[in-house]
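In case you want the letters, here they are:
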Amino acid sequence: MNPNAASLPLPSALSNTEIELRLLMEAIYLRYSYDFRNYTVASQKRRVLHALAQLGLPSISALQEKVLRDPLLFGRLLEFLTIPVSEMFRDPAYFLALRRHVVPILHTYASLKVWVAGCSTGEEVFSLAILLREEGLLSRTQIYATDINPASLEKARQGIFPIESIRGYTANYQRAGGRSSFSDYYTAAYDAARFDPALCADVIFADHSLATDSVFAETQFVSCRNVLIYFNRELQDRALGLFHESLCHRGFLGLGAKESIDFSSYAGRFDAHSQPERIYRKAT
Ligand SMILES: C[S@@+](CC[C@H](N)C(=O)[O-])C[C@H]1O[C@@H](n2cnc3c(N)ncnc32)[C@H](O)[C@@H]1O
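Report on the accompanying structure. Note that the coordinates shown come from a computational prediction; the quantities given were computed from them, not determined experimentally.

## As for the packing of aromatic side chains
The relative placement of two aromatic rings is captured by the distance of their centres and the angle of their planes. Evaluation of the coordinates by the stated rule reveals 20 aromatic pairs. Arranged with centres 5.0 Å apart and planes meeting at 55°, the rings of tyrosine 39 and phenylalanine 231 form a pair that is tilted. Taken as a pair, tyrosine 39 in the loop between helix H1 (16-32) and helix H2 (41-55) and phenylalanine 231 in the loop between strand S7 (219-224) and helix H9 (233-246) lie far apart in primary sequence, 192 residues in all. Judged by centre distance (6.2 Å) and plane angle (70°), the ring pair of tyrosine 173 and tyrosine 185 falls under edge-to-face. Residue tyrosine 173 is located in helix H8 (residues 166-175), and its partner tyrosine 185 is located in the loop between H8 and strand S4 (186-189); the two are separated by 12 residues in the primary sequence. Across the pair, tyrosine 185 and tyrosine 173 agree in class, each one buried. One aromatic cluster is present, built from ring pairs that chain together Phe89, Tyr94, Phe95, Phe126, Phe161, Tyr173, Phe182, Tyr185, Tyr186 and Phe195. A cation over a ring is seen here: arginine 225 above tyrosine 94, with NZ or CZ 3.9 Å from the ring centre.

## What to know about the packing of H1 against helix H4 (residues 71-82)
Interaxial distance between H1 and H4 falls to 13 Å at its minimum, and their mutual angle equals 125°. Relative to H4, H1 is oriented oblique. Crossing handedness for the pair H1 and H4: left-handed. Contacts from Met25, Ile28 and Tyr32 of H1 reach H4 at Pro71, Phe74, Leu77 and Leu81. Grouping the amino acids of the contact of H1 with H4 by side-chain chemistry returns 7 nonpolar, no polar and no charged.

## Side note on the sheet that holds strand S8 (residues 247-255)
One open sheet holds the 7 strands; their spatial order is S6-S2-S1-S7-S8-S10-S9, and the pairing between them is mixed. At either end of the open sheet lies a strand with only one pairing partner, and these are strand S6 (203-207) and strand S9 (270-274). Mean inter-strand twist for the sheet, computed between neighbouring axes without regard to direction, equals 20°. The pairing of strand S2 (residues 141-147) with S6 spans 5 bridges and is parallel. Within S6, the position partnered with tyrosine 144 by the bridge is isoleucine 204. On top of the sheet, helix H7 (residues 150-158) reaches S2 and S6; it is set at about 170° to S6, its chief contact.

## Description of the sheet that holds S4
The antiparallel open sheet is built from 3 strands, whose spatial order is S3-S5-S4. Two strands lie at the open edges of the sheet, namely strand S3 (160-162) and S4, each paired on one side alone. Across the sheet, the mean angle separating the axes of adjacent strands is 25° when strand polarity is ignored. As paired elements, S3 and strand S5 (residues 192-195) share 3 bridges and run antiparallel to each other. Counted as the bridge partner of isoleucine 160 is arginine 194 from S5.

Here is what the cut-offs are and how they apply
Counting restarts for each chain: residues are numbered from 1 in the order of the written sequence. With the structure being a predicted model, the display of local features is reserved for residues of pLDDT at least 70 and the display and counting of side-chain atom pairs for 80 or more, all residues being used for whole-chain, interface and lining totals. The side-chain figures draw on all heavy atoms in the structure; neither hydrogens nor water molecules are used. Ring geometry is summarised as follows: Phe, Tyr and Trp rings, the Trp one being its six-membered ring, pair when their centres sit within 6.5 Å, and such pairs are stacked at plane angles under 30 degrees, edge-to-face over 60 and tilted between the two. Each helix is a run of DSSP H or I of at least 4 residues and each strand a run of E of at least 2, with the numbering of both proceeding from the N terminus. The buried label applies to any residue whose accessible area, calculated with a 1.4 Å probe on protein chains only, is under 20% of its type's maximum; exposed applies above 50%, and partly exposed to all values in between. Placement of a charge over a ring requires the Lys NZ or Arg CZ to be within 6 Å of the ring centre, with the centre-to-atom vector within 35 degrees of the ring normal. Note on geometry: axes are C-alpha line fits, over the in-contact stretch for helices, and angles between N-to-C directions span 0 to 180 degrees. Throughout, the term roughly parallel applies to angles under 35 degrees, roughly antiparallel to angles over 145, roughly perpendicular to angles from 65 to 115, and oblique to all others. The hand of a helix crossing depends on one turn: near helix anticlockwise from the far one by less than a right angle means left-handed, and clockwise means right-handed. Contacts are residue-level and defined by heavy atoms, with any inter-residue pair within 4.5 Å sufficient. Throughout, the ten residues Ala, Val, Leu, Ile, Met, Phe, Trp, Tyr, Cys and Pro are labelled nonpolar, Asp, Glu, Lys and Arg are labelled charged, and all others, Gly among them, are labelled polar. Pairing between strands requires that DSSP locate at least two bridges from one strand to the other.

As structure tokens, this is what we get:
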């Protein structure tokens, strides 16, 4: 007789929280087709625990039960899961490097297509549009600004940002090599700054997921900042694959300050162009 035969199975090494998170992400995918399954466990956990506290729910399982049946609650949860945090000329050194080391090469193209992937509420798009206008490129540029959060995309389309952010954005703009007065680009009214709509005349804001969608255009420059940081290796590779496929021969890719292609399977397929600022150039 095997003395162990009747003993209980060994529990998995996964914590209950990890199991509940996986089940929640699977439920969201099956019900709403939003795929958060390959976001890092650390980021899923942080965001979901924050959502539980804000929504007054006792457990991840309770959240799952409700979210499956309540699309409005899912809409609220999406705000927590997507981290819609941004600022204009975020990491000014990145925009300065674009001006100095990328713009001169972009000038050699008759027309340009730029993809801002994970554009959130639009601050990065407006920053790039201002930079491209100052460098004489905006009139020949089509910008695709994509995200999975419809509420963020709607805010981005409006181009209205809180007035209290403007002081910080102005400092960023100047450090990014801004050639004008930042106040030339917006009209202040009460607690808001409305940016010149002409900046976005050739911007298409659209829903696109780096987790589930495919490439939609050939581009010369992809800017995807502070998005890959939330993805696990497999999903980072998927996104980098989309960027590689979208970019023209020797096109440019800009990532966030804490992001890199070094450990991805695309490491050998991009050259570092401005290394500290995480700007790469398609190699093969
Ligand atoms: C922290 S914000 C970064 C905003 C901006 N790029 C910046 O650097 O300021 C991350 C954005 O990535 C978007 N995002 C998350 N998962 C995505 C996915 N699978 N496909 C496209 N965008 C995604 C979120 O909705 C959010 O707007």
